[in-house]
Amino acid sequence: MKPILHSQILGEGIPLLILHGYFGMSDNWRTLGNQFAEDYEVHLIDQRNHGRSFHADEFNYEVLAEDLYNYIQHHQLENIFLIGHSMGGKTAMLFAVTYPELVDKLIVVDISPRAYEPHHNAILAGLNSVDFSKQNTRRLVDDQIKKYIPEMGVRQFLLKNVYWKEKGVLDYRFNLKSLTDNNPEVGKALPQNTKFTKPSLFLKGEKSGYITENESLIINAHFPNHKIIEIKKAGHWLHAENPIDFYNEVCVFLKPN
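Residues numbered from 1 in each chain as written. Predicted model: local features only at pLDDT ≥ 70, side-chain atom pairs only at ≥ 80, totals over all residues. Heavy atoms only, no water.

## Some remarks on the pairing of strand S3 (residues 41-45)
Moving on, step 1. Most of S3 is tucked away, with four of its five residues classed as buried.
Moving on, step 2. With five bridges joining them, strand S2 (residues 15-19) and S3 adopt parallel strand pairing. In the strand pairing of S3, isoleucine 18 is matched with leucine 44.
Moving on, step 3. Crossover S2 to S3 through helix H1 (residues 30-36) is right-handed. (Buried < 20%, exposed > 50% of the residue type's maximum accessible area, 1.4 Å probe, protein only. Helix = DSSP H or I, 4+ residues; strand = E, 2+ residues; numbered from the N terminus. Pairing = 2+ DSSP bridges. Right-handed = clockwise from strand over helix to strand, strands pointing away.)

Here's what the structure looks like:
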């Protein structure tokens, strides 16, 4: 029996599945999930090695897409709408080109099919530098990772993963060892000669460099029925930085034609 991803399911209607990014979790999407749940059956999913889902040594987009397939079969879903942010967007793209019959519409948030150089070294170094027997409060954990990660917003995002494993003992919800060992996998490109021809929306942050001006050619090669929309006043976490515009663009795209 294959393990099934943990999720929060809200509302009813057409299934709308949302995949978080690297070091994230389903809780990051709770506010928007509640809004979408007014019109859809929203599945806020924790990908493997994240949130409350199972931990595993193996971590790459092939197994992440297979996890999602097993989840969809377990919940007997079809004709889904799929949203993925960053790493979750890569999972969503691979899933859509592998199982196009299951996806009706695809939304990819601030990531493209191309390869990205590994660039999470400082974050991984900071997280790995924490010794929970010494850093036994959230403030002490923050003080420790601040040496590597000066941006308060990034630290706050990461600290959401710190929880009380047992009385007096903190730990990370994500599987830091597997994420560290498999970090090069996160930047991998979508395989060549893969295609998803149904409607696809790529949302990019105005202040983010993940989807550049030259990206439309590679996106079009895999997703010929796509459009790219820029979300103003937002960087890579556009759904958190400008949730109103993000919500409106998604609603317009998902509405029946």
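## Remarks on the nonpolar core
Moving on, step 1. Counting residues in hydrophobic clusters, the biggest one holds 58 residues, and the most contacted among them are Leu17, Phe23, Ile72, Leu82, Phe95 and Phe223.
Moving on, step 2. Ranked by the residues each element gives to this core, the list is headed by helix H3 (residues 87-98), at seven residues.
Moving on, step 3. When sequence neighbours within four positions are dropped, the list of residues in contact with leucine 82 reads Leu17, Leu19, Leu68, Ala92, Phe95, Val103, Lys105, Leu106 and Ile107.
Moving on, step 4. Formed by 26 residues, the second largest nonpolar core is a distinct cluster that contains Ile18, Val42, Ile83 and Leu201. (Core = buried A, V, L, I, M, F, W, Y, C linked by side-chain atoms within 4.5 Å. Contact = heavy atoms within 4.5 Å.)

## Some words on the side chain of asparagine 183
Moving on, step 1. Along the chain, the position of asparagine 183 falls in the loop between helix H7 (176-181) and strand S8 (200-205).
Moving on, step 2. The buried category is assigned to asparagine 183, whose relative accessible area is 5%.
Moving on, step 3. Excluding residues that lie within four positions of it along the chain, asparagine 183 makes contacts with Tyr22, Pro118, His120, Asn121 and Leu124.

## Notes on the environment of isoleucine 123
Moving on, step 1. Here isoleucine 123 lies in helix H4 (residues 121-128).
Moving on, step 2. The class of isoleucine 123 is buried, set by a relative accessible area of 16%.
Moving on, step 3. Setting aside anything within four residues of it in sequence, one finds isoleucine 123 in contact with Phe23, Ile149, Val154 and Leu158.

## Thoughts on the sheet that holds strand S5 (residues 103-109)
Moving on, step 1. In spatial order, the strands read S1-S3-S2-S4-S5-S8-S9; together these seven strands make up an open sheet with mixed pairing. Every other strand in the sheet has two partners, leaving strand S1 (7-10) and strand S9 (226-231) as the edge strands with one partner each. The mean angle between the axes of side-by-side strands here comes to 15 degrees, regardless of whether they run parallel or antiparallel.
Moving on, step 2. Sheet topology note: the strand S4 (residues 80-85)/S5 ladder contains six bridges and is parallel. Its bridge partner being in S5, leucine 82 is matched across the sheet by leucine 106.
Moving on, step 3. Here helix H2 (residues 61-74) sits on the sheet in contact with S1, S2, S3 and S4, set at roughly 150 degrees to S2. (Axes fitted to C-alpha atoms, helices over the stretch in contact; angles between N-to-C directions.)

## So, the packing of H2 against H3
Moving on, step 1. It is the contact of H2 with H3, at a shortest axis distance of 9 Å, that shows an interaxial angle of 70 degrees. Here H2 lies roughly perpendicular to H3, going by the angle between them. Residue-level inspection shows Tyr61, Glu62, Leu64, Ala65, Leu68, Tyr69 and Ile72 of H2 in contact with H3, the latter providing Met87, Lys90, Thr91, Leu94 and Phe95.
Moving on, step 2. When its residues are assigned to classes, the contact of H2 with H3 shows nine nonpolar, one polar and two charged. (Parallel < 35°, antiparallel > 145°, perpendicular 65-115°, else oblique. Nonpolar A, V, L, I, M, F, W, Y, C, P; charged D, E, K, R; others polar.)

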